[in-house]
Amino acid sequence: MTIQTKTPIGLDGVAAAETALSHVDGEKGELIIAGDHVGRLARSTGFEGVTARLWSAGSGSAITEAEVRARLGEGRRRAFARLPQLLAAAEGLSVVDGFRAATACLRAEHGLSDDAVIVGALPVIATALARHAKGDAPVAPDATLSHAADTLRMLRGNNGPTPDEAAALDAYFVTVCDHGMNASTFTARVVASTRADLFASITAGYCALTGPLHGGAPEPVLEMLDAIGSEERIVPWIDAALTRGDRLMGFGHRIYRVRDPRADVLKAVVEQLGASTKQLTFAAKVEAAARAALAKSKPDRPLDTNVEFYTAILLDALAIPRQAFTPIFAVARAAGWTAHAREQQRNGRLLRPSSLYVGPQPAE
Ligand code: ACO
């Protein structure tokens, strides 16, 4: 086989699969999820609704929002029943790593689809680990609540969310539930393409999500805001970071050449929440300074705000602990991963790219 020497390293612009699930237009700054614009979707649909659309498109057989709600409630209930076993796998690990270990222990259950076992279990695992890190016992799920409301309730215990807070997390879940062929979705599809099961696919997808260049960015965004500390330090701090060659977390994207549309959706959600106005004003100033500094330091490479910047502000406003940010992202993205894995299993070929060999040739 001839390997094309022009193959873009990093696979920029390479179509790895056909999908009916989501589309990112990086030039226009548009994201379509299951046939609708992300902004409209976040205002009009909850997580169960968008998951119904994704699962229907991914599996090729229609499933209603009510069925998704019932299955996710049952998935949360079953995961809680198995929690001692799941938490044992996570013992001694950080929340991010423990989530990986516990997720890897999920398995097929009688009478519930694999996607519902997985997506139902993830908030139970994430919230139990976050509470365990503080020495608190896990809180049992309430299958009558929405996935988002129950996530916040399991996290907080008695001090459950207000309706506005539950709606804000629901809007976040919808906004980040799927995003084209991002690194974690690609990973999940590669695994599914080998005909491995959904549990293997989603565990692998989560592993790819944890890196700071992908879903691990929100915690460092807050660390950056903390390190900057005050308005007069914004410009010198950013200049020093760029001079050192550091990347500013929450900025830049492989596909978007303009602002990530999800940043605006999430900024509006934080504003509506009415919480932490001081933090939001400070963050907006850091954002403006960072965009200006990036435009100056990389004039040929448009680098704008990505989803992770306002994810950090929103999850912080919802009092979600920083260590749980990536697992909470995974709770939402698992809707997309499971749909992509099913779509790959139905329509896809084994994903097996080539590499460019730059090592030594054997001696003649
Ligand atoms: N801050 C400073 N410089 C940056 C940034 C940034 N945030 N992003 C890219 N650059 C620079 C690179 O260092 C590179 O410089 P060079 O040409 O001098 O080497 C140049 O811009 C081009 O960068 P690429 O590596 O081509 O960008 P790529 O498409 O591979 O990276 C990525 C995209 C990983 C998101 C990058 O912008 C980044 O690291 N951002 C910060 C981390 C982050 O916010 N991650 C979350 C992304 S959203 C998500 O995954 C859910």
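Source: prediction; values computed, not measured. (Residues numbered from 1 in each chain as written. Predicted model: local features only at pLDDT ≥ 70, side-chain atom pairs only at ≥ 80, totals over all residues. Heavy atoms only, no water.)

## What to know about helix 7 (residues 147-156)
Since one α-helical turn is 3.6 residues long, residues separated by three or four positions face the same way.
Stage number 1. Summarising burial for helix 7: 9 of the 10 residues are buried, a large majority.
Stage number 2. Regarding helix 7, the residues found buried are His147, Ala148, Ala149, Asp150, Thr151, Leu152, Met154, Leu155 and Arg156.
Stage number 3. The inward-facing, buried residues of helix 7 abut helix 2 (47-59), helix 3 (65-81), helix 6 (114-133), helix 8 (163-175) and helix 16 (325-347).
Stage number 4. Following helix 7 by one or two positions, Gly157 adopts a phi angle in the positive range, close to 75°. (Buried < 20%, exposed > 50% of the residue type's maximum accessible area, 1.4 Å probe, protein only. Helix = DSSP H or I, 4+ residues; strand = E, 2+ residues; numbered from the N terminus. Contact = heavy atoms within 4.5 Å.)

## A look at the state of the cysteines
Stage number 1. Tallied over the full model, the rule gives 0 disulfides.
Stage number 2. Of the cysteine sulfurs around Cys207, a residue in no disulfide, the closest is that of Cys105, at 13 Å. (Disulfide = S-S within 2.5 Å.)

## Quick word on the environment of Leu198
Stage number 1. Checked against the element boundaries, Leu198 lands in helix 10 (residues 198-209).
Stage number 2. Classification of Leu198 by relative accessible area gives buried; the value is 2%.
Stage number 3. Not counting the four nearest positions on each side in its chain, Leu198 is found in contact with Asp114, Asp115, Ile118, Thr338, Ala341, Arg342 and Gln345.

## Considering unusual backbone geometry
What you tend to see is this: most non-glycine residues have negative phi, and most peptide bonds are trans.
Stage number 1. Of note, Leu11 is a non-glycine position whose phi angle comes to about 60°, a positive value.
Stage number 2. The residue Leu11 is located in the segment before strand 1 (22-25) in this model.
Stage number 3. Here the phi dihedral of Ala319 falls at roughly 60°; this positive angle occurs in a residue that is not glycine.
Stage number 4. Mapped onto the elements of the fold, Ala319 is located in the loop between helix 15 (307-317) and helix 16.
Stage number 5. A relative accessible area of 53% places Ala319 in the exposed class.

## Looking at the packing of helix 5 (residues 95-104) against helix 10
Stage number 1. Their axes nearest at 9 Å, the elements helix 5 and helix 10 cross at an angle of 170°. The orientation of helix 5 relative to helix 10 falls into the category roughly antiparallel. Contacts between helix 5 and helix 10 involve Val96, Phe99, Arg100, Thr103 and Ala104 from the first element and Ile202, Thr203, Tyr206 and Cys207 from the second.
Stage number 2. The residue inventory of the contact of helix 5 with helix 10, partitioned by class, reads 6 nonpolar, 2 polar and 1 charged. (Axes fitted to C-alpha atoms, helices over the stretch in contact; angles between N-to-C directions. Parallel < 35°, antiparallel > 145°, perpendicular 65-115°, else oblique. Nonpolar A, V, L, I, M, F, W, Y, C, P; charged D, E, K, R; others polar.)

## Some words on the packing of aromatic side chains
Stage number 1. Inspection of every chain in the model, using the stated rule, returns 5 aromatic pairs.
Stage number 2. Between Phe47 and Phe173 the ring centres are 5.4 Å apart and the planes differ by 65°, which places this aromatic pair in the edge-to-face class. Separated by 126 residues along the polypeptide, Phe47 in helix 2 and Phe173 in helix 8 bring together distant segments of the chain. Assigned by exposure class, Phe47 and Phe173 land together as buried.
Stage number 3. Aromatic side chains Phe309 and Tyr310 sit 5.1 Å apart centroid to centroid with 85° between the ring planes, which places their arrangement in the edge-to-face category.
Stage number 4. Take Tyr310: its relative accessible area is 0%, and that puts it in the buried class.
Stage number 5. Here a set of aromatic residues connected by ring pairs shows up, and it is made of Phe47, Tyr172 and Phe173. (Phe/Tyr/Trp six-rings, centres within 6.5 Å; stacked < 30°, edge-to-face > 60°.)

## Details of the pattern of salt bridges
Stage number 1. Taken as a whole, this structure holds 21 salt bridges when the rule is applied.
Stage number 2. With a closest N to O distance of 3.2 Å, Asp150 and Arg153 form a salt bridge. With Asp150 and Arg153 both in helix 7 and 3 residues apart, the pair spans about one turn of that helix.
Stage number 3. In this structure, a network of salt bridges that share partners links the residues Glu74, Arg77, Arg78, Arg107 and Glu109. (Salt bridge = Lys/Arg side-chain N within 4 Å of Asp/Glu carboxyl O.)

## Describing the site of the ligand
Stage number 1. Neighbouring the ligand are 22 residues, the closest being His214, Leu248, Gly250, Phe251 and Arg254.
Stage number 2. Within the side chain of His214, one N or O atom sits 2.8 Å away from an oxygen atom of the ligand.
Stage number 3. For the ligand, the accessible surface in isolation is 930 Å², of which the surrounding protein chains cover 75%.
Stage number 4. Among the residues making up the shell around the ligand, the classes are represented as 11 nonpolar, 5 polar and 6 charged. (Near = heavy atom within 4 Å. Polar contact = N/O pair within 3.5 Å; in protein donor to acceptor, adjacent residues only side chain to side chain. Areas by Shrake-Rupley, 256 points an atom, 1.4 Å probe, with all protein chains shown as cover.)

## Some remarks on the domain arrangement of the protein chain
Stage number 1. As far as domains go, the protein chain holds domain 1 (22-213 + 323-347) and domain 2 (218-317).
Stage number 2. Of the residues lining the interface, 27 residues belong to domain 1; the matching set on domain 2 comes to 24 residues.
Stage number 3. For the pair domain 1 and domain 2, the two sides together bury roughly 1,900 Å², of which 76% comes from carbon and sulfur.
Stage number 4. Between the two partners, domain 1 and domain 2, sit 0 salt bridges.
Stage number 5. Taken together, domain 1 and domain 2 are joined by 3 residue pairs in polar contact (both at pLDDT 80 or more).
Stage number 6. Looking at the side of domain 1 that touches domain 2 element by element, the count peaks at 7 residues for helix 8.
Stage number 7. When the residues that make up the side of domain 1 that touches domain 2 are grouped by side-chain class, the tally is 14 nonpolar, 6 polar and 7 charged. (Domains from an automatic or database assignment. Buried area = accessible area lost by both parts, 1.4 Å probe.)

## Examining the sheet that holds strand 2 (residues 30-33)
Backbone-to-backbone hydrogen bonds join strands into a sheet, with any given pair of strands oriented parallel or antiparallel.
Stage number 1. Overall, antiparallel pairing links the 3 strands, which are arranged 1-2-3 in an open sheet. Taken across any chain shown, the strands that pair with only one partner, and hence form the sheet edges, are strand 1 and strand 3 (36-37).
Stage number 2. In this sheet, strand 3 lies alongside strand 2 in antiparallel orientation, the contact comprising 2 bridges. Bridge pairing in strand 3 places Ile32 opposite His37. (Pairing = 2+ DSSP bridges.)

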